[in-house]
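Close look at the chain arrangement
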Amino acid sequence: MKEKFILSTIVLLVGGFLTKILGMIIKIVMTRLMGTEGIGLYMMILPTFSLFIALAQAGFPIAISKLVAENNKNNKRLVFSLIPLSLIINVVLMIIIIIIAPYLSTNLLHDKRCLYGIIAISLVIPLTTLSSICRSYFFGKEKMFPHVISNLSEDIVRLILIIIGVPFLLKKGLEYAVCYVILTNIVSELTSILILVFFIPKNAKITKQDIIPSKLYIKDSLSISIPNTAARLIGSIGYFLEPIILTSSLLYVGYSNQFIITQYGIISGYVLPILLLPSFFTLAISQSLLPVVSNLYSKHDITGTKRKIKQGIFFSLLIGIPATTLLIIFPEIFLKLIYHTTEGINYIKVLAPFCLLQYIQSPLSFSLDAMGKSSDNMKATLYGTIVRTSLLFLLSFLKIGIWSLIISTSINILIITFYNAYKVKKYLKY
């Protein structure tokens, strides 16, 4: 098991690094093509995208990974039991998005240019959900190579489509270019799904019994997915409300819409991506932990579970501490090198020490999911989101501009990390 964990981590590390590089290239290309205002407009829509992805996936990927890792079910039947339910959820959400898009863009985000981008989300979420379900099966089996290849292919396809299509659509208007960027996910997710299907063993047979939904499997999955969905949903709602509250509050106290979109674009498009750039390392370790911890904890091997979680945190900090130190000392170098700008230096210096805790938060969060304690993840996210949203609203009226977002984000990270650490320690007491 030790060798499998290390191999899985190495595969995810290499894949995560390449995916992060590709993601960074995509962001650079988008920035160069659409400018700060274009990135700001895209980032205004992104929280809505994240919210509906969380709803559409319904926590099924985590549930599938955990149940497949425990290896006491018919895994093919498990997946086929959840796909029809997932399809129904996605169709309902597609209709809801189309109905609320005009009100959301005009009355909440205060920018009509967001309309087409929001409608585009409805076409993307079914494929994103199906892709995530396919990946989760391979995760449960600790087969990380298909996941890595599908991710890389997905990003390469997106990059090519953005380079080809964005310049043409910019001539028609910034809103069309942003909408197109979101729609590129359709082709990229289809590519990902096809690649994952290719990795299914050639001798794998699907019988009539496998495709009959099992009420027991659905019940077991929902017991895991509902708390996980609630946690993601709470976080996504907070993220969804972020630009709405920020825009409304800052407009009310006298800031211009142009200032808000530009500064929000700097934080969401430049500052946070740079701060979280090394997070591929932590994510790789955390994703590898999920099946291993799930298997050990289901066997009541507390010693083994503690050892794996400590290893995950140690290796995460091994890259997190040097990366954070460099970002605090040389923020302008990274901003200039990656985005050809120096805007956001002060934001990085303040946020970087808090983002270091993200390197601890991720392994702890995945470990709670693996131990079947997703409800604690939900509570941590709930507490953090309530405090963050409240602070964002209140601080915005102090006329400190975008610093209200910086402060509220930092406090949110502290709350969630320390709560998760407390809960993991509690469950692993002898």
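Refer to the structure printed above.
Here's what I pulled together on the structure shown here. (Residues numbered from 1 in each chain as written. Predicted model: local features only at pLDDT ≥ 70, side-chain atom pairs only at ≥ 80, totals over all residues. Heavy atoms only, no water.)

**Topic: the environment of Phe354**
- The topology assignment puts Phe354 in helix α12 (residues 345–355).
- Residue Phe354 is classed as partly exposed on the basis of its relative accessible area of 26%.
- Expressed as a C-alpha distance, the spacing of Phe354 and Thr305, which sit 49 residues apart in the sequence, is 27 Å.
- In this structure, Phe354 is in contact with Ser410, Ile413 and Leu414, ignoring residues within four places of it in sequence. (Helix = DSSP H or I, 4+ residues; strand = E, 2+ residues; numbered from the N terminus. Buried < 20%, exposed > 50% of the residue type's maximum accessible area, 1.4 Å probe, protein only. Contact = heavy atoms within 4.5 Å.)

**Section: the packing of helix α8 (residues 257–275) against helix α11 (residues 331–339)**
- It is at 11 Å that the axes of α8 and α11 come closest, and there the two elements cross at 115°. As α8 runs across α11, the sense of the crossing is right-handed. Here α8 contributes Gly269, Tyr270, Pro273 and Ile274 to the contact with α11, which in turn contributes Phe334, Leu335, Ile338 and Tyr339.
- Its residues assigned to classes, the contact of α8 with α11 comprises seven nonpolar, one polar and no charged. (Axes fitted to C-alpha atoms, helices over the stretch in contact; angles between N-to-C directions. Left-handed = near helix turned anticlockwise from the far one by under 90°. Nonpolar A, V, L, I, M, F, W, Y, C, P; charged D, E, K, R; others polar.)

**Comments concerning the packing of helix α13 (residues 358–370) against helix α14 (residues 374–396)**
- The geometry of α13 relative to α14 is characterised by a closest axis approach of 7 Å and an angle of 140° between their N-to-C directions. With respect to their mutual orientation, α13 and α14 come out oblique. Contact residues: Ser365, Leu368 and Asp369 in α13; Ser374, Asp376 and Asn377 in α14.
- Among the residues forming the contact of α13 with α14, the class breakdown is one nonpolar, three polar and two charged. (Parallel < 35°, antiparallel > 145°, perpendicular 65-115°, else oblique.)

**Concerning the nonpolar core**
- Residues Met34 and Ile125 are the most contacted members of the largest nonpolar core, which totals 73 residues.
- Top element by residues in this core is helix α1 (residues 2–57). It accounts for 19 residues.
- Beyond its immediate chain neighbours, meaning those up to four positions away, Ile125 contacts Phe49, Phe52, Ile53, Ala56, Asn90, Leu93, Met94 and Ile97.
- If you look at the next biggest cluster of nonpolar residues, it comprises 29 residues, including Phe60, Ala63, Val79 and Leu290. (Core = buried A, V, L, I, M, F, W, Y, C linked by side-chain atoms within 4.5 Å.)

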